[in-house]
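Analysis of the macromolecular model
Chain by chain, the residues:
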Amino acid sequence: MKEKPMLHHISIPARDPAHVATVLAEILAGRAFPFLGPLPGAFSAVAGDEHGTLIEVYPQHMAINPDPKEGTSPFLALEAPAEKIAATPVAFHALISVPLSRAEIKAIGEREGWKTLYLGRGAPGRTPFFHVIEFWVENRIMLELATPDMLAPYLATMNIAALEQRFPHGIV
């Protein structure tokens, strides 16, 4: 049998990578460590699970850039002023299952001053397919968090069989 895909890590930018990695490690019930790669000032929030799940947190002024030469670092310092980078929302999000409760996540968000919202996902005005907690890292990068009791409705909705029922012809 073929192995199923698994998302093992993601990376996000942050104003304070060490602090963000520490908070995200708390959310993952794991630990924060310096980044193993070639980017000084980057850190990782490590879940400590059998999948190697982690979130890399890079300094906000750095970008990943395809390099025409193989074997060189893909990191590029952005030229925009730091305050402009810090104020720019990021077109990224990820849904992450976490072992914490809604109350624990809300308390962490409140402690950090980061927006934390419990919201349904689906068509406006209709019953949501599932719920998530929007956890806004540094109030600009959204992570959707799912507590153990929130995961089943997501899994029942976001699978090929369920999506084929809604969209029998695939991409229209």
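Described below are features of the structure shown in this document. (Residues numbered from 1 in each chain as written. Predicted model: local features only at pLDDT ≥ 70, side-chain atom pairs only at ≥ 80, totals over all residues. Heavy atoms only, no water.)

**Describing the pattern of salt bridges**
Where we set the bar: Salt bridges, as used here, are contacts in which a Lys or Arg side-chain nitrogen is within 4 Å of a carboxyl oxygen on Asp or Glu. The helix count covers DSSP runs of H or I at least four residues long, the strand count covers runs of E at least two residues long, and both are numbered beginning at the N terminus. Exposed residues in this analysis have more than 50% of their type's maximum accessible area, buried residues have under 20%, and partly exposed residues fall in between, with area computed by a 1.4 Å probe over protein chains only.
For the structure on display, the rule yields six salt bridges. The salt bridge partner of Glu 134 is Arg 121, with a shortest N-O separation of 2.6 Å. In this pair, Glu 134 is assigned in strand β9 (residues 130–137) and Arg 121 in strand β8 (residues 116–121), connecting sequence segments 13 residues apart. Judged by its relative accessible area of 10%, Glu 134 is buried. For the salt bridge of Glu 144 with Arg 121, the shortest nitrogen-to-oxygen distance reads 2.8 Å. Placement of Glu 144 in strand β10 (residues 141–146) and of Arg 121 in strand β8 is noted, with a sequence separation of 23 residues between them. For the pair Glu 144 and Arg 121, one class covers both residues: buried.

**As for the environment of Tyr 58**
Stated precisely, the cut-off is as follows: Should any heavy atoms of two residues lie within 4.5 Å, those residues are considered in contact.
Within the element layout of this structure, Tyr 58 appears in strand β4 (residues 54–59). If sequence neighbours within four positions are ignored, Tyr 58 has contacts with Ser 11, Ile 12, Pro 13, Ala 14, Pro 17, Phe 35, Leu 39, Ala 42, Ile 64 and Phe 75.

**A word on the pairing of strand β1 (residues 9–14)**
For clarity, the cut-off: Two strands pair if DSSP finds at least two bridges between them.
Only one face of β1 is buried: it carries Ile 10, Ile 12 and Ala 14, and the other face, with His 9, Ser 11 and Pro 13, is open. With six bridges connecting them, β1 and β4 associate as parallel partners. Residue pairing across strands places His 9 opposite Leu 54, the latter belonging to β4.

**Thoughts on the packing of helix α1 (residues 17–27) against helix α3 (residues 102–112)**
Applicable threshold: Each axis is a line fitted through C-alpha atoms, and for a helix only the stretch in contact is used; angles between axes span 0 to 180 degrees, taken between their N-to-C directions. Throughout this description, any angle smaller than 35 degrees is read as roughly parallel, any larger than 145 degrees as roughly antiparallel, any in the 65 to 115 degree range as roughly perpendicular, and the remainder as oblique. Crossings are assigned a handedness: left-handed for a near helix turned anticlockwise from the far helix by less than a right angle, right-handed for a clockwise turn. Three classes are used, and their members are as follows: Ala, Val, Leu, Ile, Met, Phe, Trp, Tyr, Cys and Pro are nonpolar, Asp, Glu, Lys and Arg are charged, and the others, Gly among them, are polar.
Interhelical geometry of α1 versus α3 gives an angle of 165° and a closest axis separation of 10 Å. Taken together, α1 and α3 sit at an angle that is classed as roughly antiparallel. α1 and α3 meet at a crossing whose hand is right-handed. Here His 19, Val 23, Glu 26 and Ile 27 of α1 lie close against α3, whose contacting residues are Ile 105, Ile 108, Arg 111 and Glu 112. Looking at side-chain class alone, the contact of α1 with α3 contains four nonpolar, one polar and three charged residues.

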